[in-house]
Amino acid sequence: MAKGVIYLVGAGPGNPGLLTLRAKELIEKADTLVYDYLVHPTFLQFAGPNCESIYVGKKAGRHSVSQEEIERLLVNHAMQGKAVVRLKGGDPFIFGRGSEEVRALQKAGVDFEVVPGITAAIGASAYSGTPLTQRGVNATLVIVTGHEDPEKAESMIDWKSLPQENAAICIYMGVSKLPGIIDELLDAGFAQDTPIACVEWATMGHQRVCRGKLGTIVESVKSFKLQAPSIIIIGENAAMGEELSWFEKKPLQGRRLVVTRSQGQASELSQKLELLGAEVIGLPLIEISKSIDPETQKDVFDELGSYDWLVFSSPNGVRFFFEAFFETFNDIRSLGFIRIAAVGQSTAKEIEKFFVSVEVIPEEANADSLADALVETGSMDSAKVLVVAGNLGRETLYRRLDEARAIVDKFVVYKTEPTDLSDHPSAKMFREQGADAIIFTSSSGVKSFVDQVGSLKLEEGALHPKTISIGPITSASMQEQGMPVDLQAKEASLDSLVEGIIKRFGKGQ
Ligand code: SAH
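1. Describing the domain arrangement of the protein
One can read the domain layout of the protein as domain 1 (5–117), domain 2 (122–249), domain 3 (256–285 + 419–505) and domain 4 (289–417). Domain 2 and domain 3 are separated by 35 Å when their C-alpha centres are compared. Contacts between the two partners involve five residues from domain 2 and, on the opposite side, six residues from domain 3. Across the interface of domain 2 and domain 3, roughly 380 Å² is buried in total on both sides, 53% from carbon and sulfur atoms. In this structure, the connection of domain 2 to domain 3 is made through zero salt bridges.

2. Some remarks on the site of the ligand
Close contacts around the ligand come from 17 residues, with Asp91, Ile94, Thr119, Ala202 and Ser230 the closest. Met173 is positioned with one of its backbone polar atoms (N or O) 2.8 Å from an oxygen atom of the ligand. When the free accessible area of the ligand is taken as 540 Å², the share hidden by the protein chains comes to 92%. Residue classes in the shell around the ligand are distributed as twelve nonpolar, four polar and one charged.

3. Considerations on the pattern of salt bridges
A complete count under the given rule lists 28 salt bridges for this structure. With its nearest N and O atoms 3.4 Å apart, the salt bridge here joins Lys29 to Glu25. Of this pair, Lys29 and Glu25 both sit in helix 1 (residues 21–29), four residues apart, which is roughly one turn of that helix. Of the residues examined, Lys29 reaches a relative accessible area of 58% and is grouped as exposed. For Glu350, the salt bridge goes to Arg319, with nearest N and O atoms at 3.4 Å. Linking Glu350 in helix 11 (residues 345–352) with Arg319 in helix 10 (residues 315–328), this pair joins segments that are 31 residues apart in sequence. Using a relative accessible area of 37% as the deciding quantity, one classes Arg319 as partly exposed. Each of Arg22, Glu25, Lys29 and Glu113 takes part in a single network of salt bridges with overlapping partners.

Rules and cut-offs
Residues numbered from 1 in each chain as written. Predicted model: local features only at pLDDT ≥ 70, side-chain atom pairs only at ≥ 80, totals over all residues. Heavy atoms only, no water. Domains from an automatic or database assignment. Contact = heavy atoms within 4.5 Å. Buried area = accessible area lost by both parts, 1.4 Å probe. Salt bridge = Lys/Arg side-chain N within 4 Å of Asp/Glu carboxyl O. Near = heavy atom within 4 Å. Polar contact = N/O pair within 3.5 Å; in protein donor to acceptor, adjacent residues only side chain to side chain. Areas by Shrake-Rupley, 256 points an atom, 1.4 Å probe, with all protein chains shown as cover. Nonpolar A, V, L, I, M, F, W, Y, C, P; charged D, E, K, R; others polar. Helix = DSSP H or I, 4+ residues; strand = E, 2+ residues; numbered from the N terminus. Buried < 20%, exposed > 50% of the residue type's maximum accessible area, 1.4 Å probe, protein only.

So, in structure tokens, the structure goes:
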């Protein structure tokens, strides 16, 4: 078998938008993805369905997989002819042991490529408004680690040799040793009033910045409870963030919000919240896959011309219906003059992608409103209606149309199953860190959350989330499940929901 290739890829500082195009392309094509603690779970979504993802992360004090094992693992997978992506936080050649891995690969005779990433200091600089060089202020930039190999007897870092003027100094891995580092710097002659900025979880929605002066920063970070990962920037430039910060000014910056990805408008909601600065954890509680009984498909498509109405109850239904449709027909005109209804705007948008217009969209996206809207057309009596849906029924809709004397056929095109969350990176992130709030936008989202609650137990110290609902129907489902409703959107719409979240959780509230 041909030997595979190993791509040593920098994933950037965390914010998913800061991944390079090359990195994204390689993740999409990877057979094996080997990733670290600092790699954001969102990246794993780019991986294809057959890609094997292996977590080899280390968290301070807990070494899960040794460096030698990682190197062996990479080589083994490549020897099996696989395209292996070794994804590392930031840049692979900055404090990432990238050179050790490259040497091991070279020794084993495996082909490799190195893809740079935005290193944490550069991310921290941009997202805290702290330029690392400034004309007239500094011309030197120093990158230094605050934590060396614990097995090394003598320190390689000569704090006394660091430039004290006209320089910006970025310290990686410095949080646990900060008091010692500051003592060294002050002993070396750094002025007490040298500006310093500590950027925790740089570029992420929950980034925090602690700013101060060398002489008093140890006290400040104590009350701030600064944690790793953080970049510590020292020098005149570190004072600039007060003026130039922009990310921290976003209304939801610093908030971690959970959106359950099984919900209809999840990605639109996540995008809106991310643009407002929030860190969004998308929990994939359920997996949806195409599931069509071939005989039913044949019957439906043979009879397609005899239906009066084609009714879609979700965007997924539209996608899987048209996939099957185009496998059977190769011309959209085979749909005929059938009238079309969609449960809501997102479902309608999905249909319109095929240049097919939608006649009925109820104001509220639920089965009852859809039934009302269809009955209002006055065309249900003796009409043949094909309802495209998933395996989890829309009994209300069938019953209501049946009562209106329509002849209803159900066409199931997909099935819904719970995701295995035990090792899922987003679920892991939630268990470890918790969140400010969980947002529910549908009763099915509530149900799948409750079904999976056993895999989402918060660890000690994790933040207990508040619960937010998009409207009365979702709230009722939450209450039925014994969940509190801490906030409900004024009107059952995404915009009203987001407005409510800003009012309740936004900056300065
Ligand atoms: N190769 C990585 C560095 C790995 S060393 C890079 O190029 O960024 C791990 C250290 O990187 C952490 O202790 C912290 O100092 C820094 N770091 C990584 N991601 C960070 C982030 N999002 N915010 C702040 N610091 C980060």
